[in-house]
Amino acid sequence: MSARQVVVHPDASVLARATAARLLTAILDAQSLRDQVHVVLTGGTVGIRTLAEVADDPVREAVDWSCVHLWWGDERFLADGDPDRNETQARDALLDELPLPPQNVHAVPALDDEVTTPEAAAALYADELARHAAPGASVPTFDVLLLGMGPDAHVASLFPGHPALDVEGVATVGVHGSPKPPPLRVSLTFDAIRAAREVWVVAAGAEKADAVAAALADAPVHEAPAAGARGVQRTLWLIDAAAARTAAAGSTVPARDVR
Ligand SMILES: O=C(O)[C@H](O)[C@@H](O)[C@H](O)[C@H](O)COP(=O)(O)O
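Source: prediction; values computed, not measured. (Residues numbered from 1 in each chain as written. Predicted model: local features only at pLDDT ≥ 70, side-chain atom pairs only at ≥ 80, totals over all residues. Heavy atoms only, no water.)

### Some words on the overall build of the chain
Secondary structure summary: the chain contains seven helices and 10 strands in total. The C-alpha radius of gyration computed for the chain amounts to 17 Å, which stays within 12% of the reference 18 Å derived for 259 residues, consistent with globular compactness. When the 259 residues of the chain are sorted by exposure, 56% land in the buried category. Long-range contacts, defined here as pairs at least 24 residues apart, represent 76% of the contacts in the chain between residues at least 6 apart. When the accessible surface of the chain is split by element, carbon and sulfur atoms take 53% of a total near 10,700 Å². Of the side-chain charges in the chain, 20 are positive and 35 negative, and the distance between the mean point of each set is 8 Å. (Helix = DSSP H or I, 4+ residues; strand = E, 2+ residues; numbered from the N terminus. Rg over C-alpha atoms; globule rule 2.2 N^0.38 Å. Buried < 20%, exposed > 50% of the residue type's maximum accessible area, 1.4 Å probe, protein only. Contact = heavy atoms within 4.5 Å. Areas by Shrake-Rupley, 256 points an atom, 1.4 Å probe, with all protein chains shown as cover. Lys, Arg positive; Asp, Glu negative; His and termini not counted. Charge placed at Lys NZ, Arg CZ, Asp CG, Glu CD.)

### Description of helix α2 (residues 45-56)
Across its 12 residues, α2 extends 17 Å between first and last C-alpha, which sits within 8% of the 16 Å expected from 1.5 Å per residue. Where α2 is concerned, the buried positions are Val46, Gly47, Ile48, Thr50, Leu51, Glu53, Val54 and Ala55. Buried residues along α2 sit against α1 (12-31), β2 (37-41), α3 (86-93) and β8 (198-203). (Expected span 1.5 Å × (residues − 1).)

### Focus on the side chain of His38
In this structure, His38 sits in strand β2. Exposure remark for His38: the relative accessible area of 8% places this residue in the buried category. At 3.0 Å, the side chain of His38 and the side chain of Trp71 are in polar contact. Leave out the neighbours within four places in its chain, and His38 touches His69, Trp71, His132, Pro140, Thr141, Phe142, Asp143 and Val144. (Polar contact = N/O pair within 3.5 Å; in protein donor to acceptor, adjacent residues only side chain to side chain.)

### Details of the site of the ligand
Residues in close proximity to the ligand total 16 residues, the closest being Asp74, His154, Ala156, Lys180 and Lys208. At 2.9 Å from an oxygen atom of the ligand is found a side-chain nitrogen or oxygen belonging to Arg185. Residue assignment for the shell around the ligand shows that the elements contributing at least two residues are α2 and β4 (74-76). (Near = heavy atom within 4 Å.)

### Side note on the UniProt feature "domain: Glucosamine/galactosamine-6-phosphate isomerase" (unreviewed entry) in the chain
Within the UniProt annotation, "domain: Glucosamine/galactosamine-6-phosphate isomerase" (unreviewed entry) is assigned to residues 10-237. Taken end to end, residues 10-237 comprises 29% helix and 16% strand; its first and last C-alpha atoms sit 14 Å apart. (UniProt positions renumbered as here; feature names shortened; annotations may be inferred.)

### A closer look at the pairing of β2
With respect to burial, β2 is a largely interior element, five of its five residues being buried. Of the two faces of β2, the one holding Val37, Val39 and Leu41 and the one holding His38 and Val40 are both buried throughout. Crossover connection from β2 via α2 to parallel strand β3 (residues 68-72): handedness right-handed. Across two bridges, the pairing between β2 and strand β5 (residues 144-148) is parallel. When the bridges of β5 are listed, Val39 appears paired with Val144. (Right-handed = clockwise from strand over helix to strand, strands pointing away. Pairing = 2+ DSSP bridges.)

### So, the packing of α1 against α2
The interhelical angle for the contact between α1 and α2, taken along N-to-C directions, is 60 degrees, at an axis separation of 8 Å. Taken together, the axis directions place α1 and α2 in an arrangement best described as oblique. Between α1 and α2 lies a crossing of right-handed hand. Contacts between α1 and α2 involve Ala12, Ser13, Leu15, Ala16, Arg17, Thr19, Ala20, Leu23 and Leu24 on the former and, on the latter, Val46, Arg49, Thr50, Glu53 and Val54. Each residue belonging to the contact of α1 with α2 can be placed in one class, and the counts come to eight nonpolar, three polar and three charged. (Axes fitted to C-alpha atoms, helices over the stretch in contact; angles between N-to-C directions. Parallel < 35°, antiparallel > 145°, perpendicular 65-115°, else oblique. Left-handed = near helix turned anticlockwise from the far one by under 90°. Nonpolar A, V, L, I, M, F, W, Y, C, P; charged D, E, K, R; others polar.)

Below, the structure written as structure tokens:
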């Protein structure tokens, strides 16, 4: 399990642009080593803003998008095209601008007449993940897995105190009663998240400072799920100065300030 690295950017705008540049470089580096590159996207304001910055970055022209596969760390269990779906927001921010083969965009199945529960969607998503996994694995080896983080330190749709935190042996889980609307979701499990080469937690804003401090201080995962987010080779925390400013007395954020 990789040690955490923390990079602090001045504000949310620089954070999103720097994360976009870092992601493009990571994809280019992976393409120089492997035929297929797998990236897991996240919802949330910082996650979507990062995708919009990728769309605006001319370096995206250097990527061979025909061999990039996109997945989601979680999804709101809503009908296809619902503006609140992470997929919808990602398509609007970036995906519709990219020459991606449609079959390389692996969206979590949406609510419809056939798929009526988060569990059904989670099972179908797990099947799709397994189809692209190496023999014996349940998910592809993700090159970069992006995670936004809530003020309660949730990542993906793994919320404090929720049973999904303890689900093992499977890649996906249906989530009910999400404290962040909408209540029904589908999420990767920690087993799937921890299979990624690199896990990047991206967070901005003073409202995230306590959650950042708790996670970096290795609070119990049931209290601060983000503490459980680790990559095989790298765990990178990309935060802005406001999120690095801890309210809890005495807690510190081991951060290298990057201008
Ligand atoms: O479906 C979702 O809502 C996201 O995947 C969720 O995990 C999000 O990344 C965090 O809640 C942070 O969201 P903000 O950046 O908007 O605070």
